[in-house]
Amino acid sequence: MSEKIERSDGEWKEILTSDQYQVCREKGTERPFSGQYHDCKDTGVYVCVCCGQPLFDSETKFDSGTGWPSFYTPIDINNVATETDNSLFMRRTEVMCGRCDSHLGHVFEDGPPPTGLRYCMNSLSLDLKKSE
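Since the model is a prediction, treat every value here as computed from it, not as a measurement. (Residues numbered from 1 in each chain as written. Predicted model: local features only at pLDDT ≥ 70, side-chain atom pairs only at ≥ 80, totals over all residues. Heavy atoms only, no water.)

## Considering the pattern of salt bridges
Tallied over the full model, the rule gives six salt bridges. Taking the shortest distance from any N to any O, the salt bridge between Glu-83 and Lys-27 comes out at 3.6 Å. Residue Glu-83 is found in strand 5 (residues 80-85), and its partner Lys-27 is found in the loop between helix 2 (18-24) and strand 1 (44-48); the two are separated by 56 residues along the sequence. Classification of Glu-83 as partly exposed rests on a relative accessible area of 39%. Of the residues examined, Lys-27 reaches a relative accessible area of 45% and is grouped as partly exposed. We note a salt bridge from Lys-129 to Asp-127, for which the minimum N-O separation is 3.0 Å. Three or more residues joined by partner-sharing salt bridges are found here, namely Lys-27, Glu-83 and Glu-94. (Salt bridge = Lys/Arg side-chain N within 4 Å of Asp/Glu carboxyl O. Helix = DSSP H or I, 4+ residues; strand = E, 2+ residues; numbered from the N terminus. Buried < 20%, exposed > 50% of the residue type's maximum accessible area, 1.4 Å probe, protein only.)

## Structural notes on the sheet that holds strand 6 (residues 92-97)
The sheet built from six strands is open, its strands ordered 3-4-8-7-6-5 with antiparallel pairing. Here the strands that pair on one side only, and so sit at the sheet edges, are strand 3 (61-62) and strand 5. Two strands pair when backbone bridges link them, and strand 6 and strand 7 (residues 103-108) are joined in this way by four bridges, in the antiparallel orientation. Residue pairing across strands places Glu-94 opposite His-106, the latter belonging to strand 7. (Pairing = 2+ DSSP bridges.)

## Some details on the packing of aromatic side chains
In this description, a pair of aromatic rings is defined by centroid distance and the angle of the planes. Evaluation of the coordinates by the stated rule reveals four aromatic pairs. Consider the rings of Phe-56 and Tyr-119, whose centres lie 5.6 Å apart with planes at 55°: the pair is tilted. Pair noted here: Phe-56 is in strand 2 (residues 54-57) and Tyr-119 is in strand 8 (residues 118-121), with a separation of 63 residues, a long-range link. Judged by relative accessible area, which is 0%, Phe-56 ranks as buried. Here a set of aromatic residues connected by ring pairs shows up, and it is made of Tyr-37, Tyr-46, Phe-56, Phe-71 and Tyr-119. Positioned above the aromatic ring of Trp-12, the side-chain terminus of Arg-7 is 5.0 Å from the ring centre. (Phe/Tyr/Trp six-rings, centres within 6.5 Å; stacked < 30°, edge-to-face > 60°. Lys NZ or Arg CZ within 6 Å of the ring centre and 35° of its normal.)

## Brief notes about the pairing of strand 8
Burial of strand 8 is two-sided: the residues Arg-118 and Cys-120 facing one way and the residues Tyr-119 and Met-121 facing the other way are all buried. Here strand 4 (residues 70-71) pairs with strand 8 via two bridges, running antiparallel. Looking at strand 8, one finds that Ser-70 is bridged to Cys-120. Examined bridge by bridge, strand 7 and strand 8 share four bridges and lie antiparallel to one another. Paired with Val-107 across the bridge in strand 8 is Tyr-119.

## Focus on the nonpolar core
Ranked by size, the top nonpolar core spans 24 residues in total, and within it Tyr-46, Cys-100 and Met-121 carry the most contacts. Mapped by element, the contributors of at least two residues to this core are helix 2, strand 1, strand 2, strand 6, strand 7, strand 8 and strand 9 (126-130). The residues touching Tyr-46, leaving out its near neighbours within four places in the chain, are Tyr-37, Cys-40, Gln-53, Pro-54, Leu-55, Phe-56, Ser-58, Lys-61, Phe-71, Leu-126, Asp-127 and Leu-128. (Core = buried A, V, L, I, M, F, W, Y, C linked by side-chain atoms within 4.5 Å. Contact = heavy atoms within 4.5 Å.)

Written out as structure tokens, the structure is:
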């Protein structure tokens, strides 16, 4: 596992756009179908926009119909962290970067085989490193 990255709010604000900061550091959510990766078909590895940690391979991406990029498994389960999110009068499982604690999205148990999971991510929290 990569070494933890910790920065002050001011440092994050210098690195990220205001929209990225709102999603990644303040646990916001982009509007469905508004993100650059919701219907992206390019191949490569999706990394954390905050720290570059590899998160999801494009081969595990699928069209969930929700308007957010969805994956059925992370590259390495140790690269993500989860915790219970009881906001908005719902009980969900929040997904964060395991290296910098950036908010990525949520995971649900309604995905396709082989895992049955749907990692529903915000495009603003990801950066696609395209395959050569």
